[in-house]
Every structure is written in C-alpha cells, then in structure tokens.
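# Overview (structure and organization)
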Amino acid sequence: MATIKTPIEIDQDALEIAAEVLGTTTKKDTVNAALREVGQRLVRLRALERLGEMADRGDFDEFLGDSSTYRQ
C-alpha cells in the first residue's frame, strides 16, 4: 500500500462519527478506512450494474419457471 502525507482540514464531527461506524481509534486509521470503504462501495455498485445488464439481456431467464433451480 502506497501512502502519502497530506496536510488537510478534516471535519471533526464527521471524523468522530466515521470512527464510531468503522470501529477505528486514530485519525489516520479512520480516514484510510473511510477511503477504502468508498472504493469498495464503487466496486459493489459496478458489480450490481453488471448484474442488472445481465438481467436485461436475459442471462438469468433460464432459471425462471423451473423451481428445481432455485436455492433452498
């Protein structure tokens, strides 16, 4: 993991809330965890978009109508 030092102003209230949500204890850990979480959110959104495109193409249609293919 490459890191850089960057002096920035941070909203203290937002930082405290993020630390509580993320379970972090330091500013550095909180900021890094929040950045990772945002990146992971984008990955999940893109995957969901691809699933939607697959559904629009009918890629899952073969599973409709045959209840034996459903998960139990």
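The text that follows walks through the structure, step by step, so that each part is easy to find. Starting afresh in each chain, residues are numbered from 1 along the sequence in its written order. Two thresholds apply to this predicted model, a pLDDT of at least 70 for residue-level local features and 80 or more for giving and counting side-chain atom pairs, whereas whole-chain, interface and lining totals are computed over all residues. Side-chain descriptors were evaluated using all non-hydrogen atoms of the structure, hydrogens and water having been removed beforehand.

### Focus: the overall build of the protein
Counting its secondary structure elements, the protein contains two helices and zero strands. Note that the radius of gyration is over C-alpha atoms, with the globule rule given as 2.2 Å times the number of residues to the power 0.38. Computed over its C-alpha atoms, the radius of gyration of the protein comes to 20 Å, more than 25% above the 11 Å expected for a compact globule of 72 residues. Counting only C-alpha atoms, the protein reaches 55 × 25 × 20 Å along its principal axes. Using a 1.4 Å probe, accessible areas were evaluated by the Shrake-Rupley method; residue-level cover was limited to the displayed protein chains. Only carbon and sulfur atoms are counted for the fraction: they give 56% of the accessible area of the protein, which is about 6,800 Å². Helix and strand definitions here come from DSSP, where helices need a minimum of 4 consecutive H or I residues and strands a minimum of 2 consecutive E residues; each element is numbered from the N-terminal end.

### Notes on the side chain of Thr30
Note that Thr30 resides in helix 2 (residues 27-57). For the purposes of these results, a polar contact is taken to be a pair of N or O atoms within 3.5 Å, where, inside protein, one atom must be able to donate a hydrogen and its partner to accept one; residues adjacent in sequence count only when each atom of the pair is a side-chain atom. In terms of polar contacts, Thr30 uses its side chain to reach the side chain of Thr24, at 2.5 Å. Only heavy atoms matter for contacts: two residues are in contact if any of them lie within 4.5 Å across the pair. When neighbours within four sequence positions are excluded, Thr30 is seen to be in contact with Leu15, Ala18, Ala19, Leu22 and Thr24.

### Points about the side chain of Thr24
Relative to the assigned elements, Thr24 resides in the loop between helix 1 (12-22) and helix 2. Once you skip the residues sitting within four places of it in the chain, Thr24 turns out to touch Ala19, Asp29, Thr30 and Ala33.

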